[in-house]
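Examination of the molecular architecture
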Amino acid sequence: MASNFPIGLFDSGIGGLSIYNEIKNSMPNESTIYIADNLNAPYGKKAESEIIQLSIKNTQKLVDLHCKLIIVACNTATTNAIEILRKKFNVPIVGIEPAIKPAMLETKSNNIGVLATEKTLSSNLFLQTSDRFSKGINIHEQIGFDLVKIIEENGINEELLIPKLREYIEPMLEKNIDHLVLGCTHYYYLMYLLKKILPNGVKILDSSRAVTKRVMNLLKDYNIDSNTSKTKNIFLCTGNDNVIKKFLSSNDKISKINL
Ligand code: DGL
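In this text the structure is predicted, and so the values were computed from the model without any measurement. (Residues numbered from 1 in each chain as written. Predicted model: local features only at pLDDT ≥ 70, side-chain atom pairs only at ≥ 80, totals over all residues. Heavy atoms only, no water.)

Considerations on the sheet that holds strand 8 (residues 203-205)
Threshold: Two strands are counted as paired when DSSP detects at least two bridges linking them. What counts as a helix is a DSSP run of H or I of at least four residues, what counts as a strand is a run of E of at least two, and both are numbered from the N terminus. Only the stretch in contact is used when fitting a helix axis, every axis being a line fitted to C-alpha atoms; angles between N-to-C directions are given from 0 to 180 degrees.
Sheet architecture is open: four strands sit in the order 6-5-7-8, paired in parallel fashion. One side of each edge strand has no neighbouring strand; the edge strands of this open sheet are strand 6 (138-143) and strand 8. Sheet twist, expressed as the mean angle between neighbouring strand axes with direction ignored, is 25 degrees. The pairing of strand 7 (residues 179-183) with strand 8 spans three bridges and is parallel. Bridging from a neighbouring strand, Leu180 pairs with Ile204 of strand 8.

This is the structure in structure tokens:
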């Protein structure tokens, strides 16, 4: 039996739109509801308990709006809260985690870099994953201090972002990384800036395709993929919509909500 209920996504702001775009490109018949909890952005420095509470609120809202599957389109919320969300809610939940495994499998220099938020890098889930795959490979971690804040407040402002990216990336290059894993959905939008800084030999890995594949498979497994081309995409935010509007197409409207 098909289901035409929407897929729900949430993030602390615009980052998860990178996943939304992948989902719509691969599954144009699916309707979606996206929550940008930008009133509370950034999540990356908050206490784990607060990230959990905010993730529960976002998920509850998407469940109340009848979402058939929820994507935690935020590495910080996934790595700190997904186990609790899965226990609490009776709906399939897909998360996003830094693509360490493919980087480990592909590296030739045995050095990979991971750029992520403070709370992703300190989470148990991240530590377990990096321990599990890291045999003989050095993982050079870097917190992307202020990157999410800058993006949420100013969009992709090269003048503000390039110096920060250089500061974070150069020490990794000195360690001879050949893969840079983007561990925050906001950083997807920094890809073209990173390409200006990184030498050709360094590959950038992001997890949005892997998440999309997982969602496709789950919809099939649960037999809940959509069978209509009449779709609706709803965008909700908890804070100011000035910046997020610029990341949406001109036909898309965004409404403010309180959670
Ligand atoms: N997009 C979120 C992530 O993937 C951003 C975290 C934040 O708000 O600091 O981690």
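That was the structure; now back to the text.
Let's talk about the site of the ligand
We count it as follows: Being near a molecule or strand, for a residue, means having at least one of its heavy atoms within 4 Å of it. Pairing of N or O atoms within 3.5 Å defines a polar contact, subject to two protein rules: one partner must be a possible hydrogen donor and the other a possible acceptor, and residues neighboring in sequence count only if both atoms are side-chain atoms. For the accessible areas, the method is Shrake-Rupley and the probe is 1.4 Å, while residue cover comes only from the protein chains on display.
Near the ligand you find 13 residues, and of these Ser12, Tyr43, Gly44, Thr76 and Thr185 are the closest. In the environment of the ligand, a nitrogen atom lies 2.8 Å from a nitrogen or oxygen atom belonging to the side chain of Asp11. One nitrogen or oxygen atom from the main chain of Tyr43 is found 2.6 Å from an oxygen atom belonging to the ligand. Coverage of the ligand by the protein chains reaches 99% of its 290 Å² of free accessible surface.

So, the nonpolar core
Note the threshold: Residues belong to a common nonpolar core when they are buried Ala, Val, Leu, Ile, Met, Phe, Trp, Tyr or Cys residues joined through side-chain atoms within 4.5 Å. Relative accessible area decides the class of each residue, using a 1.4 Å probe on protein chains only: under 20% of the type maximum gives buried, over 50% gives exposed, and in between gives partly exposed. Contact definition: two residues touch when any of their heavy atoms are within 4.5 Å.
In terms of nonpolar packing, the biggest core is built from 50 residues, with Leu17, Ile71, Leu180, Leu190, Leu194 and Val215 touching the most fellow members. Tallying contributions element by element places helix 8 (residues 158-174) first for this core, with six residues. Ignoring anything within four residues of it in the chain, the contact list for Leu190 reads Leu147, Ile151, Ile156, Leu161 and Leu165. Of all hydrophobic cores here, the second largest spans 23 residues; its members include Ile52, Ile82, Phe89 and Ile257.

Notes on the pattern of salt bridges
Condition: Salt bridge, as used here, is a side-chain nitrogen of Lys or Arg placed within 4 Å of a carboxyl oxygen of Asp or Glu.
Per the stated rule, a full pass over the model turns up eight salt bridges. One salt bridge in this structure joins Glu30 and Lys68, with 2.6 Å as the shortest N-O distance. One end of the pair, Glu30, is in the loop between helix 1 (17-26) and strand 2 (32-36); the other, Lys68, is in the loop between helix 2 (48-64) and strand 3 (69-72), with 38 residues separating them in the sequence. Between Lys203 and Glu106 there is a salt bridge; the shortest N-O distance is 3.0 Å. Of the two residues, Lys203 is situated in strand 8 and Glu106 in helix 4 (residues 100-106); the sequence distance between them amounts to 97 residues.

As for helix 10 (residues 208-221)
Since the α-helix turns once every 3.6 residues, residues separated by three or four places project in the same direction. We apply this condition: The length a helix should cover is 1.5 Å for every residue beyond the first. Our arc is simply the arc of the directions from the helix axis toward the C-beta atoms.
The terminal C-alpha atoms of helix 10, which comprises 14 residues, lie 20 Å apart, in line with the 20 Å expected from a rise of 1.5 Å per residue. Looking only at helix 10, the buried set comprises Ser208, Val211, Thr212, Val215, Leu218 and Leu219. One face of helix 10 carries all of its buried residues, which in axial projection span an arc of 125 degrees. Structural note: helix 10 exposes Arg209, Ala210, Lys213, Lys220 and Asp221 on the side pointing more than 90 degrees away from its buried face. Looking at the buried side of helix 10, the elements it contacts are strand 1 (7-11), helix 1, strand 3 and strand 4 (93-95). Phi for Asn223, located one or two positions after helix 10, is positive at around 60 degrees.

A short note on the packing of helix 7 (residues 147-154) against helix 8
What counts here: If an angle is under 35 degrees, it is roughly parallel; if it is over 145, roughly antiparallel; if it lies from 65 to 115, roughly perpendicular; otherwise it is oblique. Handedness of a helix crossing follows the sense of rotation of the near helix relative to the far helix, less than a right angle counterclockwise being left-handed and clockwise being right-handed. Ten residue types, Ala, Val, Leu, Ile, Met, Phe, Trp, Tyr, Cys and Pro, are classed as nonpolar, four, Asp, Glu, Lys and Arg, as charged, and the remainder, Gly among them, as polar.
Closest axis-to-axis distance for the helix 7/helix 8 pair is 11 Å, and the angle between their directions is 165 degrees. By the angle between their axes, helix 7 is roughly antiparallel relative to helix 8. The element helix 7 and its partner helix 8 pack so that their crossing is left-handed. For the pair helix 7 and helix 8, the contacting residues are Leu147, Ile150, Ile151 and Asn154 in the first and Leu160, Leu161, Lys164, Leu165 and Tyr168 in the second. Across the contact of helix 7 with helix 8, the residue classes break down as seven nonpolar, one polar and one charged.

A look at the sheet that holds strand 2
Read from one edge of the open sheet, six strands run 4-3-1-2-9-10, paired in parallel fashion. Looking along the sheet, the strands with just one partner apiece sit at the ends: strand 4 and strand 10 (254-256). Direction aside, neighbouring strands of the sheet carry axes that sit 20 degrees apart on average. One ladder, built from five bridges, connects strand 1 with strand 2; its direction is parallel. Of the residues in strand 2, the one forming a bridge with Asp11 is Ala36.

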